[in-house]
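Secondary and tertiary structure notes
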Amino acid sequence: MRLTYSLVLFLLLSAISTISYAQQRLIGVVVDEKDQAKLHQAAVALLNPKDSILIKFDRTKENGAFQILNLDTGMYKMVVSYPQYADLVKDIHITSQGLDLGAIPLSKAALLLEEVQVNGRIPVVIKGDTVEYDAGSFKVEKDAKVDDLLRVLPGITIDGTGKITAQGKEVKKVLLDGEEFFGDDPTLITKNIRSDMVSKVQVYEKKSDLAVRTGVDDGERTQTIDIKLKEDKKKGMFGQAIAGGGTDKYYAGKVMLNKFKGSQKIAVYGILANDGMVGLGFEDSQKYGVGGSGNVQMMDGGGMMITSNGDETEGGWDGRYRGGGVPKALNMGVSYSDKTKDDKHKINVNYKRSQINVDNTSTYNAQNNLPERAQIDSNITRSENENKANVANLRYDYKLDSLADLTVNMGFNKSNRDNLSEAEAYQKTLDGQPITSTRSRTDLNSDQDKFNINAMLTRRFKKERRSITFNMNANTDQNRSGTTYFSENYFNNDRRTDTIDQFKKDKFSNNTYGGSVTYTEPLSKRITGSLGYSFSSNQSETLNQAFNKDSNNEYTVLDPRVLNDFNFSSLKNSVNTALNYKTNTLTINLSNRTDFEAVKRTYNNLNTVLQRDQTSIRPSLNVNYKISKTKSLWINYYGQTIQPSLTQIEPLKQNTQPLVEYLDNPDLKAGFNNSYSINYNSYKQIKDQSFYFYISANQGKRNINSSVRYNLEDGTRQISFVNIDKDNWRFYGSGSYNFMLKKKWGLKMNMGMNAEYNTQYSYLSLLNEEPRLNRNKTWNIGPEIGFNRYKANKMDFYISLSPGVEQMDSYLQPELNQTTFKFNSYAQTTYYLPKDFKISLSMQQNYQAATKTLQSINMVNMNGYISKKFLKDKSLEAQLFVNDILNKNIGVRRYQDGTAFVQTSNDVLRRYGMLKVIYNFTTMKGGDK
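Everything numeric in this text was worked out from a predicted model, so none of it was measured. (Residues numbered from 1 in each chain as written. Predicted model: local features only at pLDDT ≥ 70, side-chain atom pairs only at ≥ 80, totals over all residues. Heavy atoms only, no water.)

1. A short note on the pairing of strand S45 (residues 837-848)
As defined by bridge partners, strand S44 (residues 818-833) adjoins S45 across twelve bridges and the pair is classed as antiparallel. Within S45, the residue paired with Tyr831 across the bridge is Ile839. Hairpin geometry of S44 and S45 is characterised by an intervening segment of three residues between the two adjacent antiparallel strands and by a positive phi of about 60 degrees at Lys835. Relative to strand S46 (residues 857-870), S45 runs antiparallel, the two sharing twelve bridges. Note on S46: the bridge partner recorded for Tyr847 is Asn858. (Pairing = 2+ DSSP bridges. Helix = DSSP H or I, 4+ residues; strand = E, 2+ residues; numbered from the N terminus.)

Printed below as a string of structure tokens:
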């Protein structure tokens with residue numbers, strides 16, 4: 001028995017000993033070196049000495065003591081920091097007995113001066129609201145770009161779509177040495193500059209340009225990454241050349257070149273491809289300074305909005321064509337920018353020439369829920385399109401003195417469009433009985449010339465937050481087109497055929513000019529007031545003519561039934577008022593704009609006038625509460641009067657929609673829209689965890705919507721616009737929790753949820769009946785789960801899964817309401833093989849279950865490539881790429897449009913293989929080269 005007790009006691013003590021040895025700890029006390037005062041809230045971080053990844057973290061208590069538990073034995077790099085004190089960096093060894101460092105003295109930075117001796121690199125330093133990373137402390141592959149470097153920095157993630165998140169917030173701006181580098185897209189330089197050229201990476205929230213310019217904090221913040229280059233890497237050239245040939249006559253060619261010397265930057269690019277690459281996209285177009293023309297506009301409370309006019313020839317964010325059909329592109333551009341050493345003068349000039357040809361076959365199938373019955377509307381269209389554009393832009397910034405800035409923007413756009421389309425359409429009942437059938441052909445050619453100029457002058461005063469801003473702008477738009485239009489409409493009810501065969505000649509010219517002045521004044525230490533006035537004048541001329549054939553088969557006979565010949569004028573005067581309240585943690589902006597507008601349409605052929613005087617208001621309230629350095633809450637409200645357009649009051653005459661007749665409504669009134677939103681964001685730097693949620697609601701009051709009267713016998717309808725005393729609502733909510741699942745593997749996980757609810761009212765009725773109120777309602781909800789991992793030279797992947805349920809219904813045909821299941825997923829993985837081989841696969845999948853009239857959809861698009869890098873610097877890459885590996889990509893989309901459940905399809909790029917050669921080059925090595 002004694003032996004048994006001894007054995008049990010021995011095992012118990014062994015277990016306790018084992019547990020104690022498995023929980024080694026590090027303790028110490030942080031003190032002032034001079035007076036031995038205990039330092040409260042000093043940061044103590046333990047890093048992996050190999051890759052500088054954060055392992056554990058603690059802050060000292062009031063007695064200066066800290067304790068870090070559950071440590072494995074081995075070597076660590078310890079960083080101790082405290083405001084206004086020099087950081088202490090020290091290598092330590094944790095043994096099985098743990099480690100007691102005793103007193104850890106820190107010296108004030110001001111006392112060290114030149115006596116400081118750096119004994120190690122500090123991977124991560126927090127300076128106020130800025131997190132700074134030492135690039136050399138993090139391991140990436142030899143030929144890695146900045147994009148690869150960002151992936152290994154703690155607190156920064158890049159998902160499968162290329163979106164960058166830092167400290168739990170999406171990055172909207174990337175700077176190079178504190179300056180914008182051909183725009184502010186997050187992926188601006190990340191894929192072109194090598195990581196070994198980088199000294200530091202800083203992450204912080206950047207104030208808006210207007211806040212910096214006027215000194216009035218508007219609460220707007222942009223998550224920003226600032227790439228700091230090494231001193232000997234600030235001069236040179238980088239670029240990329242791609243050439244590829246594939247099966248089924250597919251080809252791809254792209255050349256990009258960017259050269260800079262200090263502040264001077266020159267960029268050129270060219271694209272010749274039919275594989276879906278039609279432009280540089282937002283990423284490269286900003287990087288190479290050849291984006292769309294910019295416009296600057298003064299907003300409520302003196303704010304400034306900058307917009308960009310793009311088109312489908314520029315592609316999406318990645319330069320890929322997002323429209324329907326298979327494109328052929330021939331695009332090119334050039335850009336130049338420079339500034340003086342004192343930043344007094346800055347200039348950016350760019351020119352872009354684009355051409356895209358697209359052939360497409362599109363289908364439209366809709367279950368249209370009408371009063372008394374539902375019907376099927378179908379259409380198939382074959383089209384050939386050619387779009388050409390020449391775009392030139394100039395921006396000039398002039399700093400008159402330390403208190404005044406002038407910015408001038410100019411833009412010119414000359415475009416031409418050729419479109420040839422043939423369509424076949426029909427309407428039938430759910431049981432297949434035909435109602436109408438239509439055959440049409442359209443041959444259109446149009447030319448457009450646009451020019452805009454904008455000048456903004458801001459003058460600040462010696463008193464902080466006192467400023468005055470002047471803005472002047474002018475725009476012209478000239479559009480001319482000629483169209484040969486033919487349609488043949490057969491009505492089964494009375495077996496009647498209506499034919500339209502005309503040549504349509506359209507002219508439109510518009511001239512707009514305006515100006516504004518905004519004055520800001522500090523009313524107290526924390527409150528700033530703003531008062532502004534603006535005006536705008538708009539003058540336009542419209543001439544729509546249609547000609548029938550004469551006896552000689554020429555289009556010379558004017559059709560007065562569809563003639564629109566009128567002049568339009570608008571004069572608007574606006575008053576802006578705003579109050580701004582600002583503390584270290586709270587920013588409140590309250591503003592309102594009141595518009596007084598007179599609009600008039602003068603009919604030249606009828607000697608009649610349609611005019612209205614209307615008043616609109618746009619109140620807004622924005623609250624930003626900074627709970628802590630890593631937690632923020634935003635609450636926003638926007639209101640806006642929705643005025644009816646003159647075309648809604650008195651529609652233009654037309655016959656290109658032969659089954660539709662638009663009716664006048666002189667009693668149409670204004671509606672009002674309210675928008676509410678709340679947004680919360682939290683990030684824990686130490687645990688690399690982030691959480692956010694966003695909730696919004698949009699309310700439309702006294703909505704302007706359609707009243708449709710259907711003639712079920714011949715399939716025609718009459719449409720007028722009316723006010724409806726029912727509120728339209730849209731609710732949207734989303735949230736996500738992101739965290740490190742397994743630090744050793746670099747595995748991260750995110751869990752999220754998206755939900756949306758829409759309700760919209762309209763009037764529907766049969767011909768000669770009183771309007772009947774109808775409500776269309778949709779809602780959908782879908783959770784999301786994702787995993788991502790990045791390890792240099794090993795394997796990285798991103799996976800996102802999102803199942804969901806969607807419901808669509810309406811009042812009039814409740815038996816046809818539908819609830820469907822959907823499932824979306826995205827996956828991307830890259831595996832690094834020996835000898836510089838690499839395999840990459842990506843897949844996007846979308847599934848929607850069948851409805852009573854529409855079949856199920858399951859779209860799967862898998863792309864992939866295998867590549868090998870060559871040359872000493874690995875700048876040359878050969879890539880074997882396969883598009884749509886499974887040959888299951890279909891361009892199908894399903895949605896609800898008013899009373900109709902709609903499914904559309906377009907031609908898409910199907911499976912093909914392509915051999916690509918990619919050459920990335922850089923000479924950014926400093927010196928005089």
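Following the structure, the description resumes.
2. Some remarks on the nonpolar core
The biggest cluster of nonpolar side chains holds 30 residues, and the ones touching the most others in it are Leu149, Leu150, Ile156, Val201, Ile225 and Ile227. For this core, the secondary structure elements donating two or more residues are strand S9 (130-134), helix H3 (146-152), strand S10 (156-158), strand S11 (164-166), strand S13 (173-176), strand S15 (198-207) and strand S16 (221-229). With four residues, the top contributor of residues to this core is H3. Those residues in contact with Val201 that lie beyond four places of it in its chain are Val131, Glu132, Tyr133, Leu149, Leu150, Leu153, Ile225, Asp226 and Ile227. Grouped together as the second largest cluster of nonpolar side chains are 18 residues, Val30, Leu39, Tyr76 and Ile94 included. (Core = buried A, V, L, I, M, F, W, Y, C linked by side-chain atoms within 4.5 Å. Buried < 20%, exposed > 50% of the residue type's maximum accessible area, 1.4 Å probe, protein only. Contact = heavy atoms within 4.5 Å.)

3. A closer look at the confidence of the model for the protein
Counting all residues, the mean pLDDT for the protein is 83, and 85% of those residues have values of 70 or more. A low-confidence stretch, residues 1-22 stays under pLDDT 50, and its non-local contacts, those more than four residues away or across chains, total one contact. Contacts from residues 113-119, a stretch scored under 50 in pLDDT, to residues over four places away or in other chains number zero contacts. (pLDDT = per-residue confidence, 0-100.)

4. Here we look at the environment of Lys874
In this structure, Lys874 sits in the loop between S46 and strand S47 (876-883). A residue is classified by how much of its surface remains accessible, and Lys874, at 22% relative accessible area, is partly exposed. Engagement of the side chain of Lys874 in a polar contact is seen with the side chain of Asp836, the distance being 3.1 Å. (Polar contact = N/O pair within 3.5 Å; in protein donor to acceptor, adjacent residues only side chain to side chain.)

5. Topic: the sheet that holds strand S1 (residues 24-32)
What links the strands of a sheet is backbone hydrogen bonding, and the strands pair in either a parallel or an antiparallel sense. Taking strand neighbours across the sheet as the criterion, the three strands line up as S4-S1-S7 in an open arrangement whose pairing is mixed. The two strands at the open ends of the sheet, each matched to only one other strand, are strand S4 (65-71) and strand S7 (99-106). With direction set aside, neighbouring strand axes in the sheet form an average angle of 20 degrees. The pairing of S1 with S4 spans five bridges and is classified as antiparallel. Note on S4: the bridge partner recorded for Leu26 is Ile68. (Axes fitted to C-alpha atoms, helices over the stretch in contact; angles between N-to-C directions.)

6. Quick look at the packing of aromatic side chains
Each aromatic ring pair is characterised by the separation of its centres together with the angle its planes make. Enumeration according to the criterion identifies 18 aromatic pairs in this entry. Their ring planes at 5 degrees and their centres at 5.1 Å tell us that Trp729 and Phe731 sit as a pair that is stacked. Residue Trp729 is classed as partly exposed on the basis of its relative accessible area, which comes to 26%. In this structure, Arg601 is placed above the aromatic ring of Phe566, and the distance from its NZ or CZ to the ring centre is 4.7 Å. Taking the ring centre of Trp745 as reference, the NZ or CZ of Lys742 above it sits at 5.6 Å. (Phe/Tyr/Trp six-rings, centres within 6.5 Å; stacked < 30°, edge-to-face > 60°. Lys NZ or Arg CZ within 6 Å of the ring centre and 35° of its normal.)

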